[in-house]
Amino acid sequence: MGGDRLERARAALRATLLAHGVTPAVVDTLLSVPRERFVPDGDPAGAWQDRAMAIGHDQTISQPTVVAVMTQAAAVQPGDVVLDVGTGSGYQAAVLAAAGATVHSIERIPALAARARRTLAEVAPAVTVHVGDGTKGLPGYAPYDAIVVAAATRTIPPALLEQLRPPGPEGAGEAAPRGGRLVIPVGEPSWLHAQRLLLVERTADGFTQQHLLDVLFVPLVGGPA
Ligand code: SAH
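Residue positions are counted from 1 within each chain, in the order its sequence is given. In view of the model being predicted, local features appear only for residues whose pLDDT reaches at least 70, and side-chain atom pairs are presented and counted only at 80 or more, with totals across whole chains, interfaces and linings using the full set of residues. For side-chain calculations, the full set of non-hydrogen atoms in the structure is used, while hydrogens and water are omitted.

Our focus in this paragraph is the site of the ligand. The criterion for a residue being near a molecule or strand is simple. One of its heavy atoms has to lie within 4 Å of it. For the ligand, the set of nearby residues contains 25 residues, the closest of which are S89, E107, D133, G134 and V221. One of the backbone N or O atoms of G86 is found 3.0 Å from a nitrogen atom in the ligand. Distance and chemistry together define a polar contact, namely a pair of N or O atoms within 3.5 Å, with one atom able to donate a hydrogen and the other to accept it when in protein, and with adjacent residues in sequence counting only for side-chain atoms on both sides. Contact between the ligand and S89: an oxygen atom at 2.6 Å from a side-chain N or O atom of the residue. Protein chains shield 99% of the accessible area of the ligand, which is 580 Å² for the free molecule. Numbering of helices and strands runs from the N terminus, with a helix taken as a DSSP run of H or I at least four residues long and a strand as a DSSP run of E at least two residues long. Counting residues per element, the ones that place at least two in the shell around the ligand are strand 2 (59-61), helix 4 (91-98) and strand 4 (102-107). For the shell around the ligand, the element with the highest residue contribution is strand 2, accounting for 3 residues. For the shell around the ligand, the per-class residue count stands at 10 nonpolar, 12 polar and 3 charged. Only the protein chains shown count as cover for residues, and the accessible areas themselves come from Shrake-Rupley with a 1.4 Å probe. Three residue categories are used. Nonpolar comprises Ala, Val, Leu, Ile, Met, Phe, Trp, Tyr, Cys and Pro, charged comprises Asp, Glu, Lys and Arg, and polar comprises the others, including Gly.

Structure, rendered in structure tokens:
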């Protein structure tokens, strides 16, 4: 009975993601991560609805379609090293790990980091959770193939651009491996204004930028909690 509701909720989310143009591979990645483990309330089927949910400390677990779009834009390949800024529940980090990445996730609120660390130890052991200010990136493990930011900022922190991997050299007859990708919501950090979710890619001589969609995120807060 309860299992039926859960399966129906998962099937509905699969259809919603595909309707948003999410690739079947990324849809499978999202569905492989038990989202019910990352939300506080005990209703597993409710966890699979396409909505953000409160996780305490005035923070939210992001909406599945937004996590999917961010994961797809990050273009994670197995073996990539990825920085996840704003661990929150740990859900986005787990999805990036399910795509094959080694993930470093940074959170400024120690209590959220501690809870995410416990969940991820069971669900996604390829994720390491750090407590700190993600506006400075995490230089010790840079460069990153992708950086995914789950909090809104007026301007892109320069440290995040610096920590993106430059594109590799071209081999004989081969295209150069892509440079690092940064996925970040940029705009007024307020619930009253949508922000622009941007994909920034490092190139041989600079950065390119693309607007993916409009989103609502909690603010990216610099400095210690
Ligand atoms: N990716 C999360 C979403 C969390 S909401 C998930 O899947 O559940 C954004 C998170 O960013 C919040 O937990 C907030 O505390 C955190 N945050 C805000 N500013 C930050 C900063 N400068 N460094 C690290 N984390 C930050």
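A few words now on the nonpolar core. Nine residue types can take part in a nonpolar core, namely buried Ala, Val, Leu, Ile, Met, Phe, Trp, Tyr and Cys, and a core is a set of them joined through side-chain atoms within 4.5 Å. The buried label applies to any residue whose accessible area, calculated with a 1.4 Å probe on protein chains only, is under 20% of its type's maximum; exposed applies above 50%, and partly exposed to all values in between. L17, L30, Y91, L120 and V127 are the most contacted members of the largest nonpolar core, which has 52 residues in total. Note on definitions: a residue-residue contact is assigned when non-hydrogen atoms from the two residues lie within 4.5 Å. Residue contacts for V127: discarding those within four places in its chain leaves A93, A94, A97, V103, S105 and L120. Judged by nonpolar contacts, the second largest core, of 17 residues, contains A151, L164, L182 and V218.

Think of two packed helices as two axes; the pair is described by the angle between the axes and how far apart they sit. To get an axis, fit a line to the C-alpha atoms, keeping to the stretch in contact for a helix; angles then go from 0 to 180 degrees between the N-to-C directions. Contact pair helix 3 (residues 64-74) / helix 4: the axes reach a minimum separation of 10 Å and the direction vectors enclose 40°. Taken as axis vectors, helix 3 and helix 4 run oblique relative to one another. In this structure, helix 3 meets helix 4 at a crossing whose hand is right-handed. Judged by residue contacts, V67, M70 and T71 of helix 3 engage Y91, Q92, V95 and L96 from helix 4. Of the residues belonging to the contact of helix 3 with helix 4, the class tally is 5 nonpolar, 2 polar and no charged. Any angle that is under 35 degrees is reported as roughly parallel, and any over 145 degrees as roughly antiparallel; angles of 65 to 115 degrees are reported as roughly perpendicular and all others as oblique. Here is the rule for handedness: rotate from the far helix to the near one, and if that takes an anticlockwise turn smaller than a right angle the crossing is left-handed, while a clockwise turn gives right-handed.

Before going further, it helps to examine the pairing of strand 7 (residues 181-186). Burial analysis of strand 7 places 6 of its 6 residues in the buried class, which makes it a mostly covered element. Between any two strands, pairing holds if DSSP finds at least two bridges. Here 3 bridges tie strand 6 (residues 146-149) to strand 7, and the two strands are oriented parallel to one another. Opposite V148, over in strand 7, you have V183 as the bridge partner. Bridge count between strand 7 and strand 8 (residues 195-203): 6 bridges; the pairing is antiparallel. Bridge pairing links V183 to L199 in strand 8.

Bringing the pairing of strand 4 into the picture now. Within strand 4, 5 of the 6 residues are buried, leaving the element largely enclosed by the surrounding structure. In terms of strand pairing, strand 3 (residues 81-85) meets strand 4 through 5 bridges, oriented parallel. What sits directly across from V85, in strand 4, is I106. When the strands point away from the viewer and the connection leading from the first strand across the helix to the second strand turns clockwise, the crossover is called right-handed. Each parallel crossover has a hand, and for strand 3 linked through helix 4 to strand 4 it is right-handed. Bridge count between strand 4 and strand 5 (residues 127-131): 5 bridges; the pairing is parallel. Residue pairing for strand 5: V103 is matched across the bridge by V127. What joins strand 4 to strand 5 is helix 5 (residues 110-123), and the crossover it makes is right-handed.

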